[in-house]
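Architecture at a glance
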Amino acid sequence: MDPELRRLYLQDLEEIEEELREFGPSTDLLLEKAEILDFLGEQDRALQVLREALSTEPDNPDLWNNLGVVYKNMGEYEEAFEALMKSQRLEPNRPVTLKNIGDVLFFMYRDDEARLWYERALRSDHNDPWALTGKAQILVTKHQYESGLELFDRALAIDPEYAWAYGGQGMALLGLNRYEEAIDSFDNAIELDPEWDHPHCGKGDALHRLGRLKEAEAEYRTALRLDELDPLKWQDLGNVLLDMSRYRDSLRAFRRAAHIDHTLVRAHSGMAHALDMLGRSQEALAEYEIALSFDDQDPSIWNNRAVLLAEGMKNFDEALVSYQKALALDPEYHLARFNLAQLLAKMDRPERAREELRRVEQILAEQGSEAIPELREEDLEWIRTSLHKPVDR
């Protein structure tokens, strides 16, 4: 928080305390005190103040609404939902409560329900930037990027200084592969709310996709300074470092992600990749096994495990099983099919290798090289050479 803003909040808090001592408790003063404490990050004290007020006014919808907001800011979404629904029952369809309920349901990944509450708020005011942004955010999570972008643009036309809308606009543009524009949106969000970590992550993602890896690393590290306990930030930083061939650094980032959330599949598979590149094959295989224990339906993990087994450990039979598992899960996983063809060639199964390569060649002819962007020119040349040389019988 900006030091001057914090000083002003503390000054306001001191004045409220003085009024409470002089005139005794009042709901308005207690609501204001709790709100300031929440802004200052002192949620436990804010809850105590609101519960004190509720002990004398248990049917006050403002108190229940604000109690829900504090719980929301603490990440206690079940308690937040319960408090907000109490406010809704006491005074139905107040726009602020409807929007807060939408926020909480969104954070609980109950997107369809959240959308309904935002739409109820929009019936009261179809130009409410908060409700427009909330609904747009849900559209983006459902990959309806154009529709989401339209709503973000509407929200920003009404409130050009709404940081949340700029952050959402950036995510929509990211989904549309409009990376430079996304960076501009995230920069606007950062300028309006420098302590919000989300736009730094979004900007880092856009920079990563543009190949501007040093800048991407800087954004993720800034986000981590704002919230170092978010495992996804460590995981995304690990992916950037992996692409920079900084394998030891990436390993440390993935380890931190897995330490915070041991069930994070991509942290374990990322560790496995880094360990593989460091020549630590047995440790890498162990991490792939952990990743698969949490999600054995991800074909990319089976593919990467197979690459390790084939290239790093020369265990061709087990690698073959792993590639087959990847393709059973996703028959359109063309990189796995190419890798399988290479393995079959090494196993002296040229006819099977050619069969798989013909399918790869057909895909490349129909969709172009972007169908398998990981292939290098030497890989494409190997495909051409392998398909046109005679098979020994």
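Preceding this paragraph is the structure being described.
Described below are features of the structure shown in this document. (Residues numbered from 1 in each chain as written. Predicted model: local features only at pLDDT ≥ 70, side-chain atom pairs only at ≥ 80, totals over all residues. Heavy atoms only, no water.)

1. Quick word on the overall build of the chain
- Helix and strand counts for the chain come out as 22 helices and zero strands.
- Computed over C-alpha atoms, the radius of gyration of the chain comes to 27 Å, more than 25% over the 21 Å expected from 2.2 N^0.38 for 393 residues, which places it beyond the range of a compact globule.
- Taking the principal axes of its C-alpha atoms as reference, the chain extends roughly 100 × 40 × 35 Å.
- Classification of the 393 residues of the chain by burial places 49% in the buried group.
- Each charge class in the chain was averaged separately, 47 positive and 80 negative side chains, and the resulting centres sit 7 Å apart. (Helix = DSSP H or I, 4+ residues; strand = E, 2+ residues; numbered from the N terminus. Rg over C-alpha atoms; globule rule 2.2 N^0.38 Å. Buried < 20%, exposed > 50% of the residue type's maximum accessible area, 1.4 Å probe, protein only. Lys, Arg positive; Asp, Glu negative; His and termini not counted. Charge placed at Lys NZ, Arg CZ, Asp CG, Glu CD.)

2. Some points on the layout of surface pockets
- Looking at the second largest pocket, its volume works out to about 920 Å³.
- Looking at the second largest pocket, it is lined by 34 residues, and the ones nearest its centre are His273, Tyr288, Asn303, Asn304 and Leu335.
- Of all the elements in the fold, those that place two or more residues in the lining of the second largest pocket are helix 14 (231-243), helix 16 (265-277), helix 18 (299-312) and helix 20 (334-346).
- It is helix 18 that provides the largest number of residues to the lining of the second largest pocket, a total of eight residues.
- Taken together, the residues of the lining of the second largest pocket sort by class into 13 nonpolar, 13 polar and eight charged. (1 Å grid on protein atoms, 1.4 Å probe; cavity = no way out; pocket = protein on both sides within 12 Å on 5 of 7 lines; lining within 4 Å. Points joined across faces, edges and corners; volume = space filled by probe spheres on them. Nonpolar A, V, L, I, M, F, W, Y, C, P; charged D, E, K, R; others polar.)

3. Focus on unusual backbone geometry
- Notably, Asn93 is not glycine yet its phi reads approximately 65 degrees, a positive angle.
- Look at Lys314: it is not a glycine, yet its phi comes out positive at around 55 degrees.
- On the secondary structure map, Lys314 appears in the loop between helix 18 and helix 19 (316-329).
- Residue class for Lys314 comes out exposed when judged on its relative accessible area of 54%.

4. Details of the packing of helix 8 (residues 129-141) against helix 10 (residues 163-175)
- At a minimum axis separation of 10 Å, helix 8 and helix 10 run at an interaxial angle of 25 degrees. Judged on the interaxial angle alone, helix 10 and helix 8 are roughly parallel. Here helix 8 and helix 10 pass one another in a crossing that is left-handed. For the pair helix 8 and helix 10, contact is made by Trp130, Thr133, Gly134, Gln137 and Val140 and by Trp164, Ala165, Gly168, Met171 and Ala172, respectively.
- Per-class residue counts for the contact of helix 8 with helix 10 are six nonpolar, four polar and no charged. (Axes fitted to C-alpha atoms, helices over the stretch in contact; angles between N-to-C directions. Parallel < 35°, antiparallel > 145°, perpendicular 65-115°, else oblique. Left-handed = near helix turned anticlockwise from the far one by under 90°. Contact = heavy atoms within 4.5 Å.)

5. Description of the nonpolar core
- One finds Leu67, Leu375 and Ile383 to be the most contacted residues of the largest nonpolar core, which totals 124 residues.
- In this structure, Leu375 is in contact with Leu335, Phe338, Leu364, Leu380 and Ile383, ignoring residues within four places of it in sequence. (Core = buried A, V, L, I, M, F, W, Y, C linked by side-chain atoms within 4.5 Å.)

6. Things to note about helix 10
- In a regular helix each residue adds 1.5 Å, so 13 residues correspond to 18 Å; helix 10 covers 19 Å between its end C-alpha atoms and thus fits that length.
- The element helix 10 is largely enclosed, with a buried count of 11 among its 13 residues.
- Along helix 10, the positions that sit buried rather than exposed are Ala163, Trp164, Ala165, Tyr166, Gly167, Gly168, Gln169, Gly170, Ala172, Leu173 and Leu174.
- The inward-facing, buried residues of helix 10 contact helix 6 (95-107), helix 7 (111-124), helix 8, helix 9 (145-158), helix 11 (179-192) and helix 12 (198-209).
- Just beyond helix 10, the residue with positive phi is Asn177, at close to 65 degrees. (Expected span 1.5 Å × (residues − 1).)

7. A look at the pattern of salt bridges
- Using the criterion set out here, one finds 33 salt bridges in the structure.
- Glu42 is the partner of Arg45 in a salt bridge, and the nearest nitrogen-oxygen pair spans 2.7 Å.
- With its nearest N and O atoms 3.2 Å apart, the salt bridge here joins Asp379 to Arg376.
- Residue class for Arg376 comes out partly exposed when judged on its relative accessible area of 47%.
- Salt bridges linked by common partners bring Lys214, Glu217, Arg221, Arg246, Asp249 and Arg252 together as one network. (Salt bridge = Lys/Arg side-chain N within 4 Å of Asp/Glu carboxyl O.)

8. Points about the packing of aromatic side chains
- On inspection of all chains with the given rule, the structure shows five aromatic pairs.
- Between Phe106 and Phe107, the aromatic rings sit 5.9 Å apart at their centres with planes inclined by 55 degrees, giving tilted as the arrangement.
- What links up through ring pairs into an aromatic cluster is the set Tyr77, Phe106 and Phe107.
- For the cation-ring pair, Arg120 lies above Trp117, with the distance from its terminal atom to the ring centre recorded as 4.4 Å. (Phe/Tyr/Trp six-rings, centres within 6.5 Å; stacked < 30°, edge-to-face > 60°. Lys NZ or Arg CZ within 6 Å of the ring centre and 35° of its normal.)

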